[in-house]
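Structure at a glance
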Amino acid sequence: MQPITYKLNPGRSAFSTYYLDVASFTDDVLVRSRNTVMPIAESYTDFLKESRLEDYRTVEEYVYELLNLGVLWRSYGNTALAVQIAPFSTMAHLGEWRKTHPRLKPAIDFLRGILLSFFLVPIPCRRTDYAPQELADIERLVTWLEATGDFREDAFRYIRLLAYLSMFSAEEFSKTMKTILTFADWFEDESTLRMGGYTPNVDGFVERNLRSYRWRIDRFTCLRSRTEYHLSMIGTEIMNRAHREEFDSCGRKTVLAPGCMRARSERECKGVKSPKGIRCAGCESRCHINQLREMGVRDGFDVMIIPHSADLSQWSAKPGNEPMGVVGVACLSVLVQGGWELKRNNVPAQCVLLNQCGCKSHWHEEGFPTEIDLRALKQIVVPSNPPSLTYPFKIRIF
Ligand code: SF4
């Protein structure tokens, strides 16, 4: 079967192909950033240290944020600036409420789907060929990103960056944005060459579904560009490297798996519901979640099934409790945002990608059970499987 958009194991296992390729490509992106955006990332890190606006992260994570900003501007800058009027604040709150009030989710999503297309997409999303002229353009993009709900975590990340950029003269701002966009343009071309073999059907999927997803709440999740897919690949890799040590230090670990990995439908699944998610009851031996559960019993980690829009703050440690290490599993469209949300809630986390997307809610008419590469998971979650030299999870010192 042809992949819907992407596939990490087209022919051979993802462990022996994709995971090696993404590690090598991430290294090369970081090397390339040394004379381009890394100096900006270092200066931004110094600003955060001095201003104490957040517990600063690794400089590689800030390189990723700058690259992400460049790619998002190219993808959505035009559209965000074309919005004349929109209930930005209400829409951002609706994105929050759907997480905190799961029972109201269907009604909220229906309303958001309409508001989103009516207000936030006044013109079709086309590549933005020009650079932002002033800080207000980036502010508008960030406001727009938050209102969509799908880029909420991106928007949270950029609040501090806006404070940093506000100190710049017009000339410095323009030079900085030019550097970021040049790097994003290089990434667009290079990532297609290096990682494009894993994303063969993204463009076709977007083209075919522009109309049918028009009023849907998941239009931005499902209609992402190929470059955004490649960006999420290296984002996942950079976050895993940066947070590996903290995750390894946790005594207890839980894998948060999506329901689309189940062999049975939600109605037929015998899993036991709890406030934090669904615990597999092992009713079907072929079920991918059951395989994870069995691996967890052997290797000492827990497994929970959680919905796509679950509130991840519930995984942060209560005062006095030992933190729980969490492995988030999701498809390329949402995994980085999930990783950022876990980090924002101080949850030591790692991420593992679904080998391809296939759930009924977002991607496929009937849906099919999705899967992950178990060797990739094992290398993360089992302490006796340290990263190998050919699979460097740690940030390299250049
Ligand atoms: S094996 Fe577990 S996750 Fe799979 S359908 Fe049965 S109870 Fe649900």
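Just so we're clear, the structure is a prediction, and the values are computed from it rather than from any experiment.

**Looking at the site of the ligand**
Residues in contact with the ligand amount to 14 residues; listed here are only the nearest, Cys-269, Gly-271, Cys-280, Cys-283 and Cys-287. Here the shell around the ligand is built from residues that sort into 7 nonpolar, 3 polar and 4 charged.

**Notes on the domain arrangement of the chain**
Domain assignment breaks the chain into domain 1 (14-233) and domain 2 (251-381). Using only C-alpha atoms to locate each centre, domain 1 and domain 2 end up separated by 25 Å. Facing 27 residues of domain 1, the contacting portion of domain 2 comprises 22 residues. Taken together, domain 1 and domain 2 are joined by 1 salt bridge. The closest approach of N and O atoms between Arg-344 and Glu-153, which form a salt bridge, is 2.5 Å. Where domain 1 touches domain 2, the interface holds 9 residue pairs in polar contact (both at pLDDT 80 or more). Only helix 1 (18-33), helix 3 (59-82), helix 4 (88-100), helix 7 (152-165), helix 10 (219-222) and helix 11 (226-248) provide two or more residues apiece to the side of domain 1 that touches domain 2. Element by element, the count of residues in the side of domain 1 that touches domain 2 is highest for helix 7, at 5 residues. Broken down by class, the residue content of the side of domain 1 that touches domain 2 amounts to 11 nonpolar, 3 polar and 13 charged.

**Overview of the packing of aromatic side chains**
Summed over all chains, the structure comprises 20 aromatic pairs. Ring plane angle 15° and centroid distance 6.4 Å describe the contact between Tyr-44 and Phe-47, whose orientation is recorded as stacked. Taken together, the residues span about one helical turn, with Tyr-44 and Phe-47 both in helix 2 (residues 38-51) at a distance of 3 residues. By the burial criterion, Tyr-44 is buried, and Phe-47 matches it. Through pairs of rings, three or more aromatic residues link up here, namely Tyr-44, Phe-47, Tyr-62, Tyr-164 and Phe-168. The side chain of Arg-216 reaches across the aromatic face of Tyr-213, ending 3.9 Å from its centre. Positioned above the aromatic ring of Phe-220 is the side chain of Arg-219, whose terminal nitrogen or guanidinium carbon lies 5.5 Å from the ring centre.

**Examining a nonpolar patch on the surface**
A surface patch of nonpolar side chains, amounting to about 480 Å² of accessible area, comprises Phe-110, Ile-114, Phe-118 and Trp-215. Inspection of the secondary structure assignment puts Phe-118 in helix 5 (residues 105-120). Under the relative-accessibility criterion, Phe-118 is labelled exposed at 58%.

**Digging into the pairing of strand 5 (residues 324-330)**
Here strand 5 lies mainly inside the structure; 7 of its 7 residues are buried. Here strand 5 shows two buried faces, one formed by Met-324, Val-326, Gly-328 and Ala-330 and the other by Gly-325, Val-327 and Val-329. Sheet topology note: the strand 1 (residues 252-258)/strand 5 ladder contains 5 bridges and is parallel. Among the inter-strand pairings, Thr-254 is bridged to a residue of strand 5, identified as Val-326. As defined by bridge partners, strand 5 adjoins strand 6 (residues 349-353) across 5 bridges and the pair is classed as parallel. Directly across from Val-329, in strand 6, lies its bridge partner Val-352. Since strand 5 and strand 6 lie parallel, the crossover through helix 13 (residues 335-344) that links them has a hand, and here it is right-handed.

About the cut-offs
Residues numbered from 1 in each chain as written. Predicted model: local features only at pLDDT ≥ 70, side-chain atom pairs only at ≥ 80, totals over all residues. Heavy atoms only, no water. Near = heavy atom within 4 Å. Nonpolar A, V, L, I, M, F, W, Y, C, P; charged D, E, K, R; others polar. Domains from an automatic or database assignment. Contact = heavy atoms within 4.5 Å. Salt bridge = Lys/Arg side-chain N within 4 Å of Asp/Glu carboxyl O. Polar contact = N/O pair within 3.5 Å; in protein donor to acceptor, adjacent residues only side chain to side chain. Helix = DSSP H or I, 4+ residues; strand = E, 2+ residues; numbered from the N terminus. Phe/Tyr/Trp six-rings, centres within 6.5 Å; stacked < 30°, edge-to-face > 60°. Buried < 20%, exposed > 50% of the residue type's maximum accessible area, 1.4 Å probe, protein only. Lys NZ or Arg CZ within 6 Å of the ring centre and 35° of its normal. Patch = residues over 30% accessible without salt bridge, like charges linked within 9 Å, V, L, I, M, F, W, Y side chains within 5 Å. Areas by Shrake-Rupley, 256 points an atom, 1.4 Å probe, with all protein chains shown as cover. Pairing = 2+ DSSP bridges. Right-handed = clockwise from strand over helix to strand, strands pointing away.

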